[in-house]
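# Breakdown of the fold
This is what each chain is made of:
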Amino acid sequence: MTSTLAASLGDSLIKPGADKAKPTEEALHWLIALEDKPDDADVAAAFEAWLARSDDNVKAWSEARHVWNVLGEAHEAHTSRRGSVQPIVSAPRRARRSWGTGYITTSVIGAAAICVAVLFQPDINIWLRADYTTGVAQTREIRLDDGSVAYLGADSAIDVAFDQASRSVRLLSGEAYFEVEPDAGRPFRVDAGDVDTTVLGTAFDVRMMAEGTSVAVNQGRVAVASSNAAEELGGPLEAGDWVHVSRAGKVERGKDAPDLAGGWRSGMLVVKDRSVGEVVDAIGRYYPGKIVLADSAIAGQRITGVYNLNEPIGALTAVAAAHGAQVRQISPWLAVVSSW
C-alpha cells in the first residue's frame, strides 16, 4: 500500500522510515496531502500512522495546524472585505472542493509554505545580542578596534568582545569574512556555534547555516576546533583549505582556490560540490522574503556553479533546474522550491 500511495501523491506523501526529514517539514507535506485528497482512506491511515510514530510528530502537527488556522482567519478577513469569502481550510482534512484544481494547488502550497515560514522564524534574541548586523541583501565593512576588518554578509550578526588579553568575535547568524591584524599577544578568535576558529593574523571566512558551520581560509593559517565534531578536524587550515562541520558532527574537509573564501563580497556566489540546501540558504540571505525548500531529497543533492546574488530568484531557479525542481514565487516575499 505504501508504494501505491507514494506513486499517487509523489513528494507530498511522507513515507515510513523517512528519518532524515524534520517533523515540521513532514507536517507541511501532510497538510498538502490531506488537502489534496481529503476523502482518501489510505492517505488518512498513513497520516495517522505517521502521527502515532513520535511525540515530535504530534507537536509539529499541532503547531502547523495552529498556524494554518491563523492563516485561514486572516484569509477570511481579507476576502470578506471584497465580498467573496472563500477561506483557506481551517482544518486540512475538511477541504472545500469548490475551487478549481489550479487554484487549490497554488493556495494550498502557498498557505502551507507560509505556515512553515512562520514556524521557522529566526530567534529575535540574536539581533538583540549583536553589536553589528546587516539586513537582507545588505553587506557591511566594519573596522574593529585593533585594526582588523570584518566584512559582514547579508542577514548576518556578530558580537565583538576585545580586551587587553584577547580578541573575541561571536558569529550569531550568517557569514563574515575577517582580515586580522597580527598581534602575537592577543589571539583572534571567532566562535560560531560549536565551531571555534583561532588565528594570529590571516584572512578567512566563517559561515553558519541550518545544516552546519564552514570555515575557509584565503591567507595565513587558522586552527579550527569543535566540541560537536564526531572525528578529528586535522591540522591547521592553510590558504585554500576549508572545513565543514554539520549539526550532527560530520566533518568534511577540502581544498579550493584561496580566492573562493569570501568570494560573496563581489556579489557572486561560487560553489563547488556543495549541498543544494547550503546554496539555497546562502541565496536566501539576498532574497527579501522567505525561501522554503519543501523537499528534503533535493536539499541533500550536490551542486557546482556560479550564481548572481543580486538576482536571487534567477539564482534559485538555476539551482532548482539542475535537479529537476521548480521555483514557485507565491508572492514577492515567498518562494517555494519543490519537485512537485
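Residues numbered from 1 in each chain as written. Predicted model: local features only at pLDDT ≥ 70, side-chain atom pairs only at ≥ 80, totals over all residues. Heavy atoms only, no water.

## A short note on the overall build of the protein chain
Rules: Put simply, DSSP H or I for four residues or longer makes a helix, DSSP E for two residues or longer makes a strand, and each gets a number counted from the N terminus. Pairs of residues are marked as contacts when any of their non-hydrogen atoms sit within 4.5 Å. Here the open area of atoms and residues is found with the Shrake-Rupley method and a 1.4 Å probe, where only the protein chains shown may cover a residue.
Within the protein chain, the secondary structure is distributed over nine helices and 18 strands. For the protein chain, the proportion of contacts with a sequence separation of at least 24, taken over those separated by at least 6, is 51%. Within the structure as shown, the protein chain displays about 16200 Å² of accessible surface, and the carbon and sulfur contribution to it stands at 50%.

## Some remarks on the pattern of salt bridges
Any two side chains of opposite charge can pair, so long as their charged atoms come close to each other. Definition in use: Salt bridges, as used here, are contacts in which a Lys or Arg side-chain nitrogen is within 4 Å of a carboxyl oxygen on Asp or Glu. Exposure is judged per residue with a 1.4 Å probe applied to protein chains only, and the accessible area is read against the type maximum: over 50% gives exposed, under 20% gives buried, and values in between give partly exposed.
Considering all chains together, one arrives at 15 salt bridges under this definition. Ionic pairing is found between Arg274 and Glu278, a salt bridge with its closest N-O pair at 3.2 Å. In terms of burial, Arg274 and Glu278 fall into one category: buried. For Asp281, the salt bridge goes to Arg285, with nearest N and O atoms at 3.9 Å. Given the relative accessible area of 14%, Arg285 is considered buried. Taken together, the shared-partner salt bridges connect Glu175, Arg207, Arg274 and Glu278 into one network.

## Regarding empty space enclosed by the protein
Which entries qualify depends on this criterion: Detection works on a 1 Å grid of protein atoms alone, calling trapped sets that fit a 1.4 Å probe cavities and calling open sets with protein on both sides within 12 Å along at least five of seven lines pockets, with lining residues defined by an atom within 4 Å of a point. Grid points are joined across faces, edges and corners, and a volume is the space filled by probe spheres set on the points. Gly counts as polar in this scheme, as do all residues outside two lists: the nonpolar Ala, Val, Leu, Ile, Met, Phe, Trp, Tyr, Cys and Pro, and the charged Asp, Glu, Lys and Arg.
For the structure on display, the rule yields three cavities of 30 Å³ or more. Reported here for the largest cavity is a volume of approximately 380 Å³. What lines the largest cavity is a set of 26 residues, and nearest its centre among them are Arg207, Ala216, Asp256, Leu260 and Val270. Those elements that provide at least two residues to the lining of the largest cavity are strand S9 (203–209), strand S10 (212–219), strand S12 (241–246) and strand S14 (268–275). Per-element accounting of the lining of the largest cavity gives the leading share, six residues, to S14. For the lining of the largest cavity, a count of residues per class yields 14 nonpolar, four polar and eight charged. Here the second largest cavity is characterised by a volume of approximately 80 Å³.

## Describing the packing of helix H7 (residues 276–284) against helix H9 (residues 312–321)
A pair of packed helices is characterised by two quantities: the angle between their axes and the separation of those axes. As a reminder of what qualifies: Angles shown run from 0 to 180 degrees and are taken between the N-to-C directions of axes, each axis being a line fitted to C-alpha atoms and, for helices, limited to the stretch in contact. Oblique is the label for any angle not covered by the other classes, which are roughly parallel (under 35 degrees), roughly antiparallel (over 145) and roughly perpendicular (65 to 115).
Where H7 contacts H9, the axes come no closer than 10 Å and their chain directions differ by 175 degrees. Our classification of the angle between H7 and H9 gives roughly antiparallel. Between H7 and H9, the contacting residues are Val276, Val279, Val280 and Ile283 on the first element and Pro312, Ala315, Leu316 and Val319 on the second. Class assignment for the residues of the contact of H7 with H9 results in eight nonpolar, no polar and no charged.

## Observations concerning helix H3 (residues 41–53)
What counts here: The span one expects for a helix is its residue count, reduced by one, times 1.5 Å. Note: the arc covers the axis-to-C-beta directions of the helix. Polar contacts, as used here, are pairs of N or O atoms within 3.5 Å; protein pairs need one atom able to donate a hydrogen and one able to accept it. Residues neighboring in sequence count only if both atoms are side-chain atoms.
Given a rise of 1.5 Å per residue, 13 residues ought to cover 18 Å, and the 19 Å separating the end C-alpha atoms of H3 matches this to within 8%. For H3, every residue scored as buried is listed here: Val43, Ala44, Ala46, Phe47, Trp50 and Leu51. Seen end-on, H3 carries its buried residues on one side only, within an arc spanning 165 degrees. Exposed side of H3, more than 90 degrees from the buried face: Ala41 and Ala52 are the residues found there. Capping of H3 at its N-terminal end is provided by Asp40; its side-chain oxygen lies 2.9 Å from the backbone amide nitrogen of Asp42.

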